[in-house]
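Secondary and tertiary structure notes
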Amino acid sequence: MERWLTGRIPKQRAYQLDMSNIFIFPSRFGRWFLMMSGLLFILGTNYRNNMMLLLSFFLVSIFLVTLLSSFANFAKLQIHIGKTKSVFAGEELNIPIWIGDNDNQDFIPNQVEGNIHVSWWQQDTSITLDPNDFTNPVGISLATKERGEIELPRLTFENFYPLGLYRCWTHLNFESKIIVYPTPVSTALRPKNLQGEENSESVPSLIAGSDDFDSLKSYQKGEPMQHVAWKQVAKGGDWLSKTYVEDKGSTVWLDIQQFSDVDYETAISQLTYLVLQLAHQKVEYGLALPTHTIVPGSGDEHMNLCLTQLALLPKHSGEQK
Amino acid sequence: MKATNAKAQLLIGISFLLLAFSMLTTVMTWVLVLVVISVALQALPFFKVDIHHPSVRTINLFAILCALALAYTTWQAGLMIAMVNLLVMACALKILQMHTTRDYFIVVCVQFFLIGCGLIFEQSIFYAGFLAFVATLQLSSVAFHISPSRPLQKQIWLSIKISLQAMPICVLLFLVLPQLSPLWKMPSSQSKQTGLTEEITPGDIANLSQSGDLAFRAQFSGNIPAPHQRYWRGLVFEDFDGKTWRISEARKKMKRINYRLGRKTSPAYDYSKEFKYDVIIEPTNQQFLFALDAPLTTTRRTWLSPDFQIQSTIPLVTKFKYSVQSYPNTPLKGASDYFDVNMNLQVPETGNPKTKAWVRELRQQHRSNEAFILAVETFFFTEPFSYTLRPDLMPFDPVDTFLFDKQAGFCAHFSSAYAYIMRLAGIPARVVGGYQGGEMRKEQYMSIYQYDAHAWVEIWQPGIGWIRKDPTGFVAPDRISYGLERALAYEESFLEDSPFSLMKWRNTAVLNEIRLVLADIDFFWSKWVLGFDQERQLNLFRLLVGEIKPIRIALLLLAILFVISLFLLLFNYRVWFPKINNYPLHFYLKSLKYLAKQNIVRARQETPMAFYTRIAQQLSVQQRELFLTLTEQFNQVTYQVQTPSRERIKAMRQTLKAFKKSL
């Protein structure tokens, strides 16, 4: 099933629903409806009642007519996935899904009618979107269990327009690189500094030093916003940014080898915790992992890089224990 | 399972209410009350009234009580009525606990089925129109369920649109899908037999005559019988107990045997005079049909019984159409005279002493049958008999009371007395019930109403057979020639119990015209829709494919399938031809598509003008000019906020055409 689906609906960032990826089948109500029409036909025949026969044929005709219109409606749907923010394992991912069509206003806005039900493939819980009343993007949450790059399960979109007789659905497989960071676990361990001396003076630098305000200089585009001297800006002055003391001695080196007394996954979690702490304290830090090392740096990008590398570490390491 | 939409629930409630009340005669009053309560309770949330809904256990308990009550109250009414009531009741209870989508859809399905049930009892075009309205409400309700935030008008328009699209397909299916014979016998409502019944007590027909309902319609091809020839034979009563005439048990048994043996009655038809006609009879829930004497029918599921009565093989629960040829000059003479004669000489031993004495005396004076009959008729002519719809009650010795005391009665009194006199005198006689008269509409069809119900007498003449005698005609010749209204003009009792019947206003030209046009519509409807049967279907096939062969029918069905698919595609042409909203943009994008074929592709962020300047060198002079014009035209409309007038769009289309050609 999975293989067949992969062949039919390959991985993509954006989908335009069409013949190749829409499935359509009478819904449960549709099947009842047909059965009831059959019953009316038998009743009409037995009573020699042409009006009943007409009613039965009328219901069947409605069934036929809505087949194409429900397909045509669903085929208007265009869906693409947005950028997903990484989360820590155990938290819920919020997958932004964009429904609709932005760049082709050539035609009447392709408005899909009827509630759209979105759920993860083979999951019962679904969220219901009213196409006349929703805002892009639609956040769809996905629980995470463990770190690493996760494969999004297929997302099922369902629609029953116009009369609920047919279920139109599709299982979309969105292409998206989503990294789930390890769960941070607090630790009392102190990172060793760049010089490799354990229990050195760099320990206090974890607590202080990073917020040491030094001087103001004119703001350069690209500098972090929290460095902007808002007081000066508010007074109507030029945009200035604060500079901080860059304590060379406070550069910290995080090494996974240090965490030999806890198991591998806990070590990764504790490292994650430390990375977050250091990033918060604006300390320059580097990461030494069994696979590769990351040279010291600071800033959000550096933090994300470190967290990503931690997340992507192989699940089991032979070197440990 | 999500909660259903309040609007959808409200609409389904309203349609249920309409539906239940339209079946007023079928659905029990207490069930109707239940319907009203459940719909009201269910509608409360819509009006922002919060009530504590009854728990499932309460409703289940209540349901058991209702089922018991239903079993008790519908015990007598027959299975079909009981089933319909059960369905309505179950639906009402389900509406009370319509919590999940599943519940809701069950209610919808049951209601569509109830529409079908409504059609068992009534099939007029007006009721059909009403049901179409109810169906639209139901479809709109479902539409609300599927897309809750669309406005009501849009939902109704959607369901009307879908219904209209379904119509042609529905008609095609109706015309070509085979009309099957009933698969098995269905329960019918026993209690609601209408029209004439299997026994006749003087006074009964008088009640029937208060009804302006249609009994049947006949469409003649060729000769139309004159008013005094319009004797529509229905039932033959041969058993008399001094008061009531009944269909004789012996006759019934004989008919059953004849029917089972497939023994057909075929009198010696005299083809010198012929009436040819189709009859569409209203449902009576009985099996006898009406025809002029002496009938010959070839319609399926009918047969002619030895008393010259056309019978249907199943009770008429719906309108039924049959074709008849009548040969009025045919002597009504069956296969066994002996049986007919003996059965129709039987008189009760007791009762009506005065009549007995009078007949004995008269018979002594007139030994020959002809003389005796003449004497009796003279008696009717000379005595002050009157024809009335308001006869006095005659509970004891009714014939005596009628002949010698009251001397005022309705056709059944006259016929009963006449036939009794004949039997006492040793002349076989029987009473025939049926209709006499009929209203012609523009030479097209004849309508026979319930008030045309009539009873007359047949007497046996050796060698000739049964001869019709209508004693009512002796007293009220207007009844035979002009109908009931004229005959009763002196006492103004015509349809006095139904003051609002349009029939009553026959003398007001406008109202009468309305009544006749309504009758025309009903006739058309009965003939073409309700009367469509295997025979007509085969005729239609013959018309379409000529001689009927399996291969031709198969081809016809294929063609119909093709037509249906064509319809379906046509209804959704927008899938292939989307509605173009912004023509300038559409044209510009088209030109980009043409260029893309030449491997000239616009970058995503490039403005039209920038794109033009970049690619200008790759185009020929003519192409360059055209594309520049196109780009400028697009820019004017899009960015300089000029309204895209028709001329502008036209100009752009032409430029695009030229540009395409130049590539």
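These figures come from a predicted structure and were not determined experimentally.

How each quantity is defined
Starting afresh in each chain, residues are numbered from 1 along the sequence in its written order. As a convention, the first chain written is A and the first ligand written is 1, with the rest following in written order. Only residues with pLDDT of at least 70 are given local features in this predicted model, and only at 80 or more are side-chain atom pairs given and counted; all residues enter the totals for whole chains, interfaces and linings. Hydrogens and water molecules were not included; the side-chain quantities draw on all heavy atoms of the structure. Helix and strand definitions here come from DSSP, where helices need a minimum of 4 consecutive H or I residues and strands a minimum of 2 consecutive E residues; each element is numbered from the N-terminal end. Here the term buried applies to any residue with accessible area under 20% of the maximum for its type, exposed to any over 50%, and partly exposed to those in between, with areas from a 1.4 Å probe on protein chains only. Every residue pair with non-hydrogen atoms within 4.5 Å of one another is taken to be in contact. All accessible areas in this document rest on Shrake-Rupley with a 1.4 Å probe, and a residue is counted as covered only by the protein chains that are shown. Only residues whose relative accessible area exceeds 30% and that take part in no salt bridge are eligible for patches, with like-charged residues grouped when within 9 Å of each other and nonpolar side chains (Val, Leu, Ile, Met, Phe, Trp, Tyr) grouped when within 5 Å. We define a salt bridge as a contact between a side-chain nitrogen of Lys or Arg and a carboxyl oxygen of Asp or Glu at a distance within 4 Å. What a helix should span is 1.5 Å times the count of its residues minus one. In the analysis that follows, any N or O atom pair within 3.5 Å is treated as a polar contact, provided that within protein one partner can donate a hydrogen and the other can accept it, and provided that, for residues neighboring in sequence, both atoms belong to side chains. In short, DSSP must find at least two bridges between two strands for them to pair. To obtain an axis, a line is fitted to C-alpha atoms, over the contacting stretch when the element is a helix, and the angle between two such axes runs from 0 to 180 degrees between their N-to-C directions. Here the quantity called buried area is the accessible surface, traced with a 1.4 Å probe, that two parts lose on coming together, added over both. All residues other than Ala, Val, Leu, Ile, Met, Phe, Trp, Tyr, Cys, Pro, Asp, Glu, Lys and Arg, Gly among them, are scored as polar; the first ten of these are nonpolar and the last four charged.

1. Thoughts on the overall build of chain B
Helices and strands together make up the secondary structure of chain B, namely 24 helices and 17 strands. Going through the 663 residues of chain B one by one, you find that 51% of them count as buried. Taking the contacts inside chain B whose residues are at least 6 apart along the sequence as the reference set, 73% of them involve residues at least 24 apart. Only carbon and sulfur atoms are counted for the fraction: they give 61% of the accessible area of chain B, which is about 32200 Å².

2. Some details on a nonpolar patch on the surface
Together, F126, V510, L511, I514, V517, L518 and I521 of chain B line one region of the surface with nonpolar side chains, adding up to about 550 Å² of accessible area. Judged by relative accessible area, which is 30%, L511 of chain B ranks as partly exposed.

3. A word on the side chain of S141 of chain B
Residue and element names in this part refer to chain B. Turning to its location among the elements, S141 is positioned in helix α6 (residues 125–146). Relative accessible area serves as the criterion here: at 0%, S141 is assigned to the buried category. In this structure, S141 is in contact with A8, L11, I12 and Y104, ignoring residues within four places of it in sequence.

4. Some details on helix α14 (residues 411–424) of chain B
Residue and element names in this part refer to chain B. Between the first and last C-alpha of α14 there are 20 Å, a value that for 14 residues agrees with the 20 Å anticipated at 1.5 Å per step. Most of α14 sits out of view: 13 of its 14 residues are buried. Directly after α14, the chain includes G426, whose backbone phi takes a positive value near 85°.

5. What to know about the side chain of S124 of chain B
All names here are of chain B. Turning to its location among the elements, S124 is positioned in the loop between α5 (101–121) and α6. Classification of S124 as buried rests on a relative accessible area of 15%. For S124, the side chain forms a polar contact with the side chain of E122, separated by 3.1 Å. There is a polar contact of 3.2 Å between the side chain of S124 and the backbone nitrogen of Y127. Aside from chain neighbours lying at most four places away, what touches S124 is D522 and W525.

6. Digging into the sheet that holds strand β10 (residues 155–159) of chain A
All names here are of chain A. Pairing is antiparallel across the open sheet formed by 5 strands, whose spatial order is β2-β11-β10-β6-β7. In the strand order of this sheet, the two ends are held by β2 (23–26) and β7 (126–129), each with one partner. On average, each strand axis in the sheet is tilted by 25° relative to the strand beside it, whichever way the strands run. Pairing geometry for β10 and strand β11 (residues 166–172), over 5 bridges, is antiparallel. Each residue of the ladder has a partner; that of N159, found in β11, is C168. Along the sheet, helix α3 (residues 50–74) makes contact with β2, β10 and β11, crossing β11 at roughly 25°.

7. Concerning the interface of chain A and chain B
A common way to express how large an interface is: the accessible area buried when the components associate. Taken together, the contact pairs 53 residues of chain A with 73 residues of chain B. In total, chain A and chain B occlude about 5500 Å² of area from one another, counting both sides; carbon and sulfur atoms represent 73% of this. Of all residues in chain A, Y47, R48 and M51 of chain A bury the most surface against chain B, accounting for 15% of the area lost on that side. Scanning the region where chain A abuts chain B turns up 1 salt bridge. Close ionic contact of R150 of chain B with E113 of chain A constitutes a salt bridge, the shortest N to O distance being 3.1 Å. For the side of chain A that touches chain B, the secondary structure elements donating two or more residues are α2 (28–46), α3 and β7 of chain A. The element that contributes the greatest number of residues to the side of chain A that touches chain B is α3 of chain A, accounting for 18 residues. Its residues assigned to classes, the side of chain A that touches chain B shows 31 nonpolar, 16 polar and 6 charged.

8. Describing helix α23 (residues 621–639) of chain B
Along an α-helix, residues three or four positions apart point the same way, because every turn accommodates 3.6 residues. Residue and element names in this part refer to chain B. With 19 residues, α23 extends 26 Å between its outermost C-alpha atoms, agreeing within 8% with the 27 Å of an ideal straight helix rising 1.5 Å per residue. All of the buried residues along α23 are Q623, L626, F627, L630, T631, Q633, F634, N635 and V637. Buried residues along α23 sit in contact with α21 (583–597), α22 (608–615) and α24 (646–662).

9. Structural notes on the sheet that holds strand β12 (residues 178–181) of chain A
Residue and element names in this part refer to chain A. Overall, mixed pairing links the 3 strands, which are arranged β4-β12-β9 in an open sheet. In this open sheet, the two edge strands, each paired with only one partner strand, are β4 (87–88) and β9 (148–150). The pairing of β4 with β12 spans 2 bridges and is classified as parallel. Paired with V87 across the two strands is V180, which belongs to β12. Of the strands in this sheet, β4, β9 and β12 touch helix α6 (residues 300–311), which is tilted by about 85° from β12.

Scope: geometric values only; no functional claims are made or implied.
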